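Here are the chains, one letter per residue:
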Amino acid sequence: MRHDAGVTTYRIAEAAELLGVSDDTLRRWVDSGRVAATRPDGPAVIAGADLAGLAETLVDEPDRERTRASAVSARNRLVGIVTRVRKDTVMAQVDLVCGPFRLVSLMSAEAADELGLERGVRAIASVKSTNVVVERPT
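None of the values given here were measured: they were computed from a predicted structure.

Colleague: Please give an account of the sheet that holds strand β5 (residues 91–98) that cites residues and values.
Modeller: What links the strands of a sheet is backbone hydrogen bonding, and the strands pair in either a parallel or an antiparallel sense. The four strands are arranged β6-β5-β4-β7 in an open sheet whose pairing can be described as antiparallel. Looking at strand neighbours, the two that pair on one side only are β6 (101–108) and β7 (122–126), the edges of this open sheet. The sheet shows a mean angle of 45° between the axes of neighbouring strands, taken without regard to direction. Of the pairings in the sheet, the one linking β5 to β6 comprises eight bridges and is antiparallel in character.

What follows is the structure in structure tokens.
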């Protein structure tokens, strides 16, 4: 992940990992125009905001049940990309897409500011729960 003048960009492999797809799948999506990539003096990169937009479309994709993540129990730390941050003076709602999963976190606006959370930024969601449901797809 690179930060250039306030713009977060991801190489193809990094972006694919965040979305839970293969590098080849993401390259095909770039080639077909599903997401834009640029080559500023090196390997292709995708702007964080563009990647967040693609991530949002994947959440409701009908065949997401067949991704790698559906075959294993989710771990309690999920790497993803921030797709939206809504803040008021006290609280913030942060939406993330972690592979095929959409997570929403509520935190103080101060914490969101300190973490630098904004659309397109890579983040890790740590989940703590007293109940965990494990399911196998049919």
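Colleague: I'd like a description of the packing of helix α1 (residues 12–19) against helix α2 (residues 23–31), backed by residues and values.
Modeller: Packing of α1 against α2 brings their axes to within 8 Å, and their N-to-C directions diverge by 105°. One element, α1, and the other, α2, form an angle in the roughly perpendicular class. Residues I12, A13, A15, A16 and L19 of α1 touch α2, and the partners they reach there are D23, L26, R27, W29 and V30. Considering only residue class, the contact of α1 with α2 consists of eight nonpolar, no polar and two charged.

Colleague: With reference to specific residues and values, describe the nonpolar core.
Modeller: Core analysis: the largest hydrophobic core is formed by 20 residues, its most contacted members being L19, L26, W29, I46, L51, L54 and I81. Those elements that provide at least two residues to this core are α1, α2 and α3 (48–59). In terms of residue count, α3 provides more of this core than any other element does, six residues in total. The contacts of L54, once residues within four sequence positions are left out, are L19, L26, W29, R34 and V35. Within the second largest apolar cluster, 10 residues are counted, among which are L78, V82, L96 and A123.

So, how was this worked out
Along each chain, residues carry numbers from 1 onward, in the same order as the chain's sequence is written. Reporting in this predicted model follows two pLDDT cut-offs: at least 70 for local features of residues, and 80 or more for side-chain atom pairs to be given and counted; totals over whole chains, interfaces and linings ignore these cut-offs and use all residues. Heavy atoms from the whole structure form the basis of all side-chain values; hydrogens and water molecules are not counted. Here the rule is simple: two strands pair whenever DSSP picks up at least two bridges between them. Every helix listed is a DSSP run of H or I at least four residues long, and every strand listed is a run of E at least two residues long, numbered separately from the N terminus. All axes are obtained by fitting lines to C-alpha atoms, using only the stretch in contact for helices, and the reported angles, taken between N-to-C directions, cover 0 to 180 degrees. By the definition adopted for this analysis, an angle is roughly parallel if under 35 degrees, roughly antiparallel if over 145, roughly perpendicular if from 65 to 115, and oblique otherwise. Residues count as neighbours in contact if any of their non-hydrogen atoms are within 4.5 Å of one another. The nonpolar class holds Ala, Val, Leu, Ile, Met, Phe, Trp, Tyr, Cys and Pro. Asp, Glu, Lys and Arg form the charged class, and all remaining residues, Gly among them, are polar. Here, the term nonpolar core denotes a set of buried Ala, Val, Leu, Ile, Met, Phe, Trp, Tyr and Cys residues that are joined through side-chain atoms within 4.5 Å. Remark: exposure states derive from per-residue accessible area (1.4 Å probe, protein chains only) relative to the maximum for the residue type, with buried under 20%, exposed over 50%, and partly exposed in between.

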